[in-house]
Amino acid sequence: MLGSQLLLVAGFLALALNPAVTWFEMRGLRRGRAVAVVFLITTVSVLAILTIVFAPLYEEVRKFADDVPAYIDDLRRSR
């Protein structure tokens, strides 16, 4: 089942990124290099988005984990 899902995702990515590859081909790059450029641009973009989203989330979770003992003490005192 996982193999067919990966094949579906690969097919979707190939169809979605083909216009960018074709654009680079029309500007003189060979198809292999165009694929490599599009792959690098896509990878960097995804990593940048993940960093922008998950860096603040990580900091908030870490801060919460550091504050949990204080929260537990507050709960014990409020009884």
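Above this note sits the structure.
Residues numbered from 1 in each chain as written. Predicted model: local features only at pLDDT ≥ 70, side-chain atom pairs only at ≥ 80, totals over all residues. Heavy atoms only, no water.

A. Region of interest: the packing of aromatic side chains. Under the criterion given, the structure shown has two aromatic pairs. Between W23 and F24 the ring centres are 5.0 Å apart and the planes differ by 85°, which places this aromatic pair in the edge-to-face class. Where F64 meets Y71, the ring centres are 5.9 Å apart and the plane angle is 40°; that geometry is what we call tilted. Judged by its relative accessible area of 48%, F64 falls in the partly exposed class. By relative accessible area, which is 42% here, Y71 ends up partly exposed. (Phe/Tyr/Trp six-rings, centres within 6.5 Å; stacked < 30°, edge-to-face > 60°. Buried < 20%, exposed > 50% of the residue type's maximum accessible area, 1.4 Å probe, protein only.)

B. Region of the structure containing the pattern of salt bridges. Using the criterion set out here, one finds four salt bridges in the structure. The closest approach of N and O atoms between E59 and R62, which form a salt bridge, is 2.8 Å. You can see E59 and its partner R62 sitting in helix α2 (residues 31-77), three residues apart, about one turn around the helix. We classify R62 as partly exposed; its relative accessible area is 38%. The salt bridge involving D66 is made with R62; its shortest N-O contact spans 3.3 Å. (Salt bridge = Lys/Arg side-chain N within 4 Å of Asp/Glu carboxyl O. Helix = DSSP H or I, 4+ residues; strand = E, 2+ residues; numbered from the N terminus.)

C. Broad picture of a nonpolar patch on the surface. Together, V46, L47, I49, L50, I52, V53, F54, L57 and V61 make up a nonpolar patch on the protein surface, roughly 850 Å² of accessible area in all. Residue position: V53 is located in helix α2. (Patch = residues over 30% accessible without salt bridge, like charges linked within 9 Å, V, L, I, M, F, W, Y side chains within 5 Å. Areas by Shrake-Rupley, 256 points an atom, 1.4 Å probe, with all protein chains shown as cover.)

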